[in-house]
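What the coordinates show
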Amino acid sequence: MAIIIVAAGSGTRLGATEPKAFVDVAGRTILERALRSALSIAEPAQIVVVAPAERLEQANTIVARAAGAASSSLTVVSGGDTRQQSVAAGLAVLGDGIEIVLVHDSARSLTPPTLIEAVIAGVRSSGNGVIPGLPVADTIKQVDWMGSVERTVDRAPLVAVQTPQGFPRAALVDAYKTASDDFTDDAALVAAAGLAVTVIDGDPLAFKITTPWDLARAESLVAASPA
Ligand code: C5P
């Protein structure tokens, strides 16, 4: 089993001077927190960190510090201009014998290890893609380009999806071979290639740190329950 942690984004919306993965959340970088969560799962994994090309040295330092005595194998590779290219770079270095691959956003830094384990178990038992999702709490409107409301969308069947997203390796690799570069998550990409994808219960802690407000939320969560 392998976990690809994509951490090569610039994080423009966070407004930080550093690429997002290297921004601090209460004394540890976003990447280190994501990595520690992945290293805390019960079974050993090949963990691939996909980092910005110009930050490989810093990523390697973070990986070495987080790894400690962990039994998982860790590799750092450079990412691409899009998330999809970054995932492809991670897929390219997976070792022999890996049958299940999880793709995880480093920006979902506080994801509990139990959620990672639930995704792995789901892929293992179903052979499908498995992704975490949460019910949509807000009312959703479809609007035109002027902002005029066209309709209220029924939110009952909607879920807001998170990562890690898990897949049988062969299906994910095949889907990446044929994918065009315009999918916003891996589940959409494999579904377009014909693989069934199932949603399991997500976790509010797996929220993506995108804006300064998200960062403040992550900091107060860590302060309330320091790891
Ligand atoms: O930008 P956004 O927050 O949606 O990115 C989701 C995840 O994908 C982040 O963890 C980010 O580091 C990663 N990413 C990447 N390579 C890119 C763009 C985003 O690894 N070119």
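Residues numbered from 1 in each chain as written. Predicted model: local features only at pLDDT ≥ 70, side-chain atom pairs only at ≥ 80, totals over all residues.

Bringing the overall build of the protein chain into the picture now. When helices and strands are tallied, the protein chain shows seven helices and 12 strands. Taken against the 2.2 N^0.38 rule, which gives 17 Å for 227 residues, the C-alpha radius of gyration of the protein chain at 17 Å falls within 12% of a compact globule. (Helix = DSSP H or I, 4+ residues; strand = E, 2+ residues; numbered from the N terminus. Rg over C-alpha atoms; globule rule 2.2 N^0.38 Å.)

On to unusual backbone geometry, then. At the junction of Thr163 and Pro164, the peptide bond is cis and its omega measures out at 10° in the coordinates. Along the chain, Pro164 turns up in the loop between strand E10 (159-161) and strand E11 (165-168). Despite not being glycine, Ala26 shows a phi value in the positive range, around 45°. Within the secondary structure, Ala26 is located in the loop between strand E2 (24-25) and strand E3 (28-29).

Turning next to the nonpolar core. In this structure, Ile4, Ile5, Leu31, Leu35, Ala38, Val49 and Val50 are the most contacted members of the largest nonpolar core, which totals 58 residues. It is helix H1 (residues 30-39) that provides the largest number of residues to this core, a total of six residues. (Core = buried A, V, L, I, M, F, W, Y, C linked by C-beta atoms within 7 Å. Buried ≥ 20, exposed ≤ 12 C-beta atoms within 10 Å, placed from the backbone.)

A few words on the environment of Ile62. Relative to the helices and strands, Ile62 resides in helix H2 (residues 56-67). Once the C-alpha coordinates of Ile62 and Val77 are considered, the two residues, 15 residues apart in sequence, prove to be 13 Å apart.

Moving on, we get to the packing of H1 against H2. To characterise two packed helices, one gives the angle between the axes of the helices and the distance between these axes. Across the interface, H1 lies against H2 with an axial gap of 10 Å and an inter-helix angle of 40°. On the basis of their axis angle, the class for H1 and H2 is oblique. Crossing geometry of H1 relative to H2 is assigned as right-handed. Residues Leu31, Glu32, Leu35, Arg36 and Leu39 of H1 form the contact with H2, whose participating residues are Ala59, Ile62, Val63, Arg65, Ala66 and Ala67. Grouping the constituent residues of the contact of H1 with H2 by class yields eight nonpolar, no polar and three charged. (Axes fitted to C-alpha atoms, helices over the stretch in contact; angles between N-to-C directions. Parallel < 35°, antiparallel > 145°, perpendicular 65-115°, else oblique. Left-handed = near helix turned anticlockwise from the far one by under 90°. Contact = placed C-beta atoms within 7 Å. Nonpolar A, V, L, I, M, F, W, Y, C, P; charged D, E, K, R; others polar.)

This paragraph deals with the environment of Arg33. With respect to the helices and strands, Arg33 occurs in helix H1. A sequence separation of 73 residues divides Arg33 from Ser106, and the C-alpha atoms of the two residues are 8.2 Å apart. With residues near it in sequence (within four places) discarded, Arg33 still touches Val25, Arg28, Ser109 and Leu110.

What follows deals with the environment of Pro52. The topology assignment puts Pro52 in the loop between strand E4 (46-51) and H2. Taking C-alpha positions, Pro52 is 7.1 Å from Gly9, a pair spaced 43 residues apart along the chain.

As paired strands, strand E7 (residues 129-135) and strand E12 (residues 197-201) are joined by five bridges and run parallel to one another. Following the sheet pairing, Gly133 is matched in E12 by Asp201. Two strands pair when backbone bridges link them, and E7 and E10 are joined in this way by three bridges, in the antiparallel orientation. Of the residues in E10, the one forming a bridge with Pro135 is Val159. (Pairing = 2+ DSSP bridges.)

Within helix H3 (residues 83-91), seven of the nine residues are buried, leaving the element largely enclosed by the surrounding structure. Turning to H3, its buried residues are Arg83, Gln84, Ser86, Val87, Ala89, Gly90 and Leu91. Buried-residue contacts for H3 involve strand E1 (2-6), E4, strand E5 (73-78), strand E6 (100-105), helix H5 (169-178) and helix H6 (186-192).

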